[in-house]
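Geometric and topological summary
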Amino acid sequence: MLKTVFISGVLLGLATMIGGAGFYPLVDHPRLVSRTQVLPNGGRGEDFLIRLPVDRIVSVGTEGLSVSAVAFPGGLELPDTLSGEPSQIDHFKVRDADGNVIGVAARHMLALEDTAAVAWSITIPSRGSLWLTGTVDPQSFGAAFSGIGYQPGESWSGNLDLFMGTAAESGQARGGSAEFSGLSGTYTERWNVTGIGDAGELRGTIALSTVTYLY
Amino acid sequence: MRYLLTLLLGFLLGASVAGVGLYFNPFTQTGGPQPDAQDSVYTYGSPVTAALAFTHGNLSRLPTSPLGIPELWEGTINHGALALLVLGSADGSTNAIASRISFPSEGTELLLRGAVLTDHWLISVPGQGSLFVSAESNWWPFLRDTLIPTWYFDRPWLGPAVYAPTIGPGADGKALVQGATGAFAGRAGTAAERYRLEAFDDRVGPGQVQAEIYWRLANEPTPAE
């Protein structure tokens, strides 16, 4: 009888470990309720917010594609081999419409012939990665600040609304991974700048408003 | 009481045997695809020590850099890591910059798949364009052979070692590539990674690494064209 109990224990231990290895969720990312809305004419709308400067993680680039090309953290530089063509590389924490941090975004802006191309990769661990692409006039950012009298190197406060592309559309949603694979649509990228600090850092909010469809 | 102790002893023995079996589980030792002649191959150094910037959720002993970079401390992202990498083409003619956002995958299980890491890359070649890469990598062979023995059992590291960790999410076990802008726009393809680990440091982990990411896009002109 004791032998039977012992063998039962061994089998139980084996089954528990193997079952646990196969079925126990070793990784389970916290997921907040997705702040999406069904749109009247079809599609799904979702807004993502980035608050500057608190949500900035890493920024580096060359002159010519941003207001001040301020690197963050200070002193970060692109190597010489990458500084020949204008580019601006940014990384931010991303919030939902309620202001909760839900993910991390990378934004790459490159000068390509007479325009600048923007690519966003917004990664939300519990949902996957959403990919956005658009084009902007590389001079528009600097022109808007010149128009309000801003001089590079100075601090400024006020209120400036900028749309990358147009107010109707900044570019396309290109699907992504996991929950976002199989989606297409459009997005608008709106920068509401309320100030520029002494060190050249922007203050304000970037709002990414997406309208996506299943294709 | 005697039966209960016997059952417990048997349970512990069974669990231990299963644990050892899982540790050396051959199903989680799979190697990923290797590059071939038609792939665009880009190399980079250690994502930890050779990156332009590296940060994580402060749940790891890996150092962040540069000084002053914010940590990903919020509860929804604190298992992740962000690396900003400089990539060089194999012939040294082209350089690219890559943002790599990594999180442990919810597809991790130690019976058949291993310790799976999800990587989302945004790679840009200045003057040419950008592309997205979605990758899943099984790091269990690295954990089993290198990190666990060295960090947790103070064993000497038996390197160098080569790891080809890519296992998906493509059906052929490769990562998926989607062209984003410029010359890459509208083109899709596959990618994979390979690491040659030259040194493993007790403190910072992978110290000296030769890493490669290689991809192939549909309609890509061959070098001869």
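Residues numbered from 1 in each chain as written. Chains lettered and ligands numbered in written order. Predicted model: local features only at pLDDT ≥ 70, side-chain atom pairs only at ≥ 80, totals over all residues.

1. A few points about the overall build of chain A
What counts here: Where helices and strands are cited, they refer to DSSP runs of H or I of at least four residues and of E of at least two residues respectively, numbered from the N terminus. Only C-alpha atoms enter the radius of gyration, while the globule expectation follows 2.2 Å times N to the 0.38, with N the number of residues. For the purpose of contact definition, each residue receives a C-beta atom placed from its backbone, and two residues are in contact when these atoms lie within 7 Å.
Each helix and strand counted, chain A has two helices and 11 strands in total. Helices and strands appear in chain A in the N-to-C order α-β-β-β-β-β-β-β-α-β-β-β-β. Taking 2.2 N^0.38 as the reference for a compact globule, 215 residues should give roughly 17 Å; the C-alpha atoms of chain A span a radius of gyration of 23 Å, well beyond that estimate. Summarising the internal contacts of chain A: among those between residues at least 6 apart in sequence, 55% fall at separations of at least 24.

2. Observations concerning the environment of Phe11 of chain B
As a reminder of what qualifies: Labels follow a simple rule on C-beta atoms placed from the backbone: if 20 or more others lie within 10 Å of a residue's own, it is buried; if 12 or fewer, it is exposed; otherwise it is partly exposed.
Assignment of secondary structure puts Phe11 of chain B in helix H1 (residues 2-23). For Phe11 of chain B, a count of 21 C-beta atoms within 10 Å gives the class buried. Taking the C-alpha atoms as reference, Phe11 of chain B lies 38 Å from Pro160 of chain B; in sequence the two are 149 residues apart. When near neighbours in sequence (up to four residues on either side) are disregarded, Phe11 of chain B contacts Gly9, Leu12 and Gly13 of chain A.

3. Quick word on the interface of chain A and chain B
In many reports, interface size means the accessible area that the parts give up when they come together. Which entries qualify depends on this criterion: Gly counts as polar in this scheme, as do all residues outside two lists: the nonpolar Ala, Val, Leu, Ile, Met, Phe, Trp, Tyr, Cys and Pro, and the charged Asp, Glu, Lys and Arg.
On the side of chain B, 58 residues touch chain A, which itself brings 56 residues to the contact. Looking at the side of chain A that touches chain B, the elements that each hand over two or more residues are helix H1 (2-23), strand E3 (56-61), strand E4 (87-95), strand E5 (101-112), strand E6 (115-124) and strand E7 (128-136) of chain A. Looking at the side of chain A that touches chain B, the element that brings in the most residues is H1 of chain A, giving 16 residues. Within the side of chain A that touches chain B, the residues separate by chemical class into 34 nonpolar, 18 polar and four charged.

4. Comments concerning the confidence of the model for chain B
Spelled out, the test is: Known as pLDDT, the predictor's confidence for each residue is given on a scale from 0 to 100.
Of all residues in chain B, 97% have pLDDT values of 70 or greater, and the mean over the chain is 87. A low-confidence stretch, residues 221-225 of chain B stays under pLDDT 50, and its non-local contacts, those more than four residues away or across chains, total one contact.

5. Quick look at the nonpolar core
For the record, the criterion: Connectivity within a nonpolar core runs through C-beta atoms within 7 Å, and the core itself is a set of buried Ala, Val, Leu, Ile, Met, Phe, Trp, Tyr and Cys residues.
Counting residues in hydrophobic clusters, the biggest one holds 90 residues, and the most contacted among them are Val133 and Ala191 of chain B. Ranked by residue count, the leading element in this core is E5 of chain A, at eight residues. Not counting the four nearest positions on each side in its chain, Ala191 of chain B is found in contact with Val133, Ala135, Lys174, Ala175, Val177, Ile213, Tyr214 and Trp215 of chain B. Formed by seven residues, the second largest nonpolar core is a distinct cluster that contains Val10, Leu14 and Met17 of chain A together with Ala18 of chain B.

6. Brief notes about H1 of chain B
For an α-helix the count is 3.6 residues per turn, leaving residues at separations of three or four pointing the same way. The condition that has to hold: Multiply 1.5 Å by the residue count of a helix minus one, and that product is the helix's expected span. Comment: arc refers to directions from the helix axis out to C-beta atoms.
Taking 1.5 Å of rise per residue, 22 residues should cover 32 Å, and H1 of chain B covers 31 Å from first to last C-alpha, within 8% of that figure. Where H1 of chain B is concerned, the buried positions are Gly10, Phe11, Gly14, Ala15 and Ala18 of chain B. The buried residues of H1 of chain B all sit within an arc of 135° when viewed along its axis, so they share a single face. Along H1 of chain B, the residues that are exposed and aim more than 90 degrees away from the buried face are Arg2, Leu5 and Val20 of chain B. Contact partners of the buried residues in H1 of chain B: H1 of chain A.

7. Section: the packing of H1 of chain A against H1 of chain B
Heads up, the rule is: For helices, the fitted line uses only the C-alpha atoms of the stretch in contact; every axis is such a line through C-alpha atoms, and the angle between N-to-C directions lies from 0 to 180 degrees. Any angle from 65 to 115 degrees is called roughly perpendicular, while one under 35 is roughly parallel, one over 145 is roughly antiparallel, and all others are oblique. Crossing handedness is read from the near helix: turned anticlockwise from the far helix by less than a right angle, it gives a left-handed crossing, and turned clockwise, a right-handed one.
Close contact between H1 of chain A and H1 of chain B brings their axes to 6 Å; oriented N to C, the two are set at 40°. One way to sum up the angle between H1 of chain A and H1 of chain B is to call them oblique. H1 of chain A and H1 of chain B meet at a crossing whose hand is right-handed. Tallied by class, residues from the contact of H1 of chain A with H1 of chain B come to 22 nonpolar, eight polar and no charged.

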